[in-house]
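Next come the chains, spelled out residue by residue.
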Amino acid sequence: MQISAYTDTGKVRSTNQDYIYASSQKTGPLENLLLLADGMGGANAGDYASRFLVEKLVTYINRQPEGESEISIFNKGITEVNRRLYNESLSNESLKGMGTTMVAATVSKNTLYVANVGDSRLYLIRGGIIQVTKDHSYVEEMVSLGLLNRESQDYRDKKNYITRAIGADGQVEIDFFEVSLHPGDQILLCSDGLSNMVSDKEIYSIVSGKGSLSEKAWQLLQTANDKGGKDNISVILAEPLESEGMSC
């Protein structure tokens, strides 16, 4: 798997509360691992939450034996780290109310396994752009109920109100996805600092255009900054090798 990953504070925020991990090498029993978290909370709480999630989840996965399914590893690991992060918020007043989004992915043979909580996204680039994950946000819940239009001002004003986060409660509901990969597929994980600033159409144009994987990932980040960089921006762009993630 080829991977390029970047994270940036953006043009407005003073700190970066995003945290990423991207490895094409084995992490415990997983053949590869992509993790992206976008923290929330006052002072240093958001930064603490995202870093805690990623580092503790990587440690958990590294300790797991061979033989368990990818989804089971994600489920047990995220559940355990969520409990620990929530307990941290209860024991430290400065961390009270913290939480973090999370999107995690791994590829085995010709299958992509994904877990997500919150509104950080995973896209599949395949002759178009497909959002694999579902945003856990107030506005998307209202859209699904037919009570809000994505083009409305109300949608734009309330887009950052998320309804699920790691560490916000003692228990967390996680969404899981399995996707069969095709030759030429590319995988993009991003925080809302990208998806709120750059349209899906623009993202597809950049990723499907000319240039190396690193150049495309950097261009995504720079485009979000050029449009105002109103939030922290994180991008992980991956292309599974044919022997690892594709079948003809």
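Let me begin by describing the structure that accompanies this report. What you see is a predicted model, and the numbers here were worked out from it, not measured in a lab.

About the thresholds
- Residues numbered from 1 in each chain as written.
- Predicted model: local features only at pLDDT ≥ 70, side-chain atom pairs only at ≥ 80, totals over all residues.
- Heavy atoms only, no water.
- Helix = DSSP H or I, 4+ residues; strand = E, 2+ residues; numbered from the N terminus.
- Buried < 20%, exposed > 50% of the residue type's maximum accessible area, 1.4 Å probe, protein only.
- Phe/Tyr/Trp six-rings, centres within 6.5 Å; stacked < 30°, edge-to-face > 60°.

### Thoughts on unusual backbone geometry
Trans is the common state for peptide bonds, and a negative phi is the common state for residues other than glycine.
Right, on to step 1. In this model, Lys109 sits at a positive phi of 55 degrees, which is unusual for a non-glycine residue.
Right, on to step 2. Mapping Lys109 onto the fold places it in the loop between strand S5 (102-108) and strand S6 (111-117).
Right, on to step 3. Exposure remark for Lys109: the relative accessible area of 68% places this residue in the exposed category.

### Side note on the environment of Ser212
Right, on to step 1. When you line up the elements, Ser212 lands in the loop between helix H6 (200-207) and helix H7 (213-226).
Right, on to step 2. A C-alpha to C-alpha distance of 9.4 Å links Ser212 and Ser4, two positions 208 residues apart in sequence.

### With respect to the packing of aromatic side chains
Ring pairs (aromatic) are described by centroid distance and by the angle formed between their planes.
Right, on to step 1. As enumerated under the stated definition, the model contains two aromatic pairs in all.
Right, on to step 2. Taken together, a centroid distance of 5.0 Å and an interplanar angle of 65 degrees make the contact between Tyr6 and Trp218 edge-to-face. Taken together, the residues Tyr6 in strand S1 (residues 2-8) and Trp218 in helix H7 connect sequence positions 212 residues apart.
Right, on to step 3. By relative accessible area, Tyr6 is classed as partly exposed at 23%.
Right, on to step 4. Ring geometry for Tyr48 and Phe52: centres 5.9 Å apart, planes at 25 degrees, overall stacked.

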